[in-house]
Amino acid sequence: MSHTAECIFCKIVAGEIPCLKVFEDDAVLAFLDIGPLADGHVLLIPKRHYERLDAMPADAASELMQHLPRLAAAVLAATGADAYNILVNIGPVAGQLVMHVHVHIIPRANGDGLGYRWSAKQYQGDRGKQLAGQIASRLA
Ligand code: 5GP
Ligand code: ZN
């Protein structure tokens, strides 16, 4: 049995578990989150099982993300919201509960209480320069 057999989103893709679908093509599926943070909270997923965004081939990631502008515009038009957050949690420490890549589209409204400011730090000394170099060298 493959690891996808136990994956709730793979089961949704396979039609074994129902969802409130809003869009689908050969490669992606978008549906309402079952526990919405706001009305119209949508999840966009690749149909193929990838656990992490950083494990996706670039073309599969592009195939997924290309739908965001149109999908977000539809969510805004349907909900009347004019603000939203795009959120991708990767890894349990970052809050990923479902181990199948998914992009949250979360409509926002004044006073919705969801918040958005995370506490920012400052780099000390050379730390920023060092890190930029370490990341850049892995991309060269
Ligand atoms: P994560 O914390 O992994 O980024 O978010 C997982 C999201 O998937 C949660 O917001 C949760 O409500 C949603 N979710 C979990 N199981 C189901 C399901 O069976 N159907 C739908 N539509 N959403 C689900
Ligand atoms: Zn899956």
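A few points on the structure.

### Observations concerning the nonpolar core
Val42, Leu44, Met56, Leu64, Leu71 and Ile105 are the most contacted members of the largest nonpolar core, which has 16 residues in total. Contributing elements (two or more residues each) for this core: β2 (28-32), β3 (42-46), α2 (58-65), α3 (68-79) and β5 (103-108). Sequence-distant contacts of Met56, defined by excluding residues within four places in its chain, comprise Pro46, Tyr50, Ala61, Leu64 and Val101.

### Considering the sheet that holds β2
Here we have five strands laid out as an open sheet, ordered β1-β2-β3-β5-β4, and antiparallel in their pairing. At either end of the open sheet lies a strand with only one pairing partner, and these are β1 (21-24) and β4 (83-87). Each adjacent strand pair in this sheet contributes to an overall mean axis angle of 15°, direction not counted. With five bridges connecting them, β2 and β3 associate as antiparallel partners. Residue pairing for β3: Ala30 is matched across the bridge by Leu44. Where α2 meets the sheet, it contacts β2, β3 and β5, and its direction lies at approximately 150° from that of β3. Contacting β1, β2, β3, β4 and β5, α3 runs over the sheet at an angle of about 30° to β5.

Calculation rules
The numbering scheme is per chain: residues are counted from 1 as the chain's sequence reads. Each chain is given a letter, starting from A, and each ligand a number, starting from 1, according to the order in which they appear as written. Under the rules for a predicted model, residues below a pLDDT of 70 receive no local features and side-chain atom pairs below 80 are neither given nor counted, while totals for whole chains, interfaces and linings still include all residues. Hydrogens and water are ignored here; the side-chain numbers use all heavy atoms of the structure. The criterion is simple. A nonpolar core is a set of buried Ala, Val, Leu, Ile, Met, Phe, Trp, Tyr and Cys residues joined through side-chain atoms within 4.5 Å. To sort residues, take the accessible area from a 1.4 Å probe on protein chains only and compare it with the maximum for the residue type: under 20% means buried, over 50% means exposed, and anything in between is partly exposed. Segments assigned H or I by DSSP are reported as helices when at least four residues long, segments assigned E as strands when at least two residues long, and all are numbered from the N terminus. Should any heavy atoms of two residues lie within 4.5 Å, those residues are considered in contact. At least two DSSP bridges between two strands are needed for those strands to be called paired. In this description, a line fitted to the C-alpha atoms serves as the axis of each element, helices being fitted only across the stretch in contact, and the angle between N-to-C directions of two axes falls anywhere from 0 to 180 degrees.

Purely geometric stuff here, so don't read any function into it on its own.
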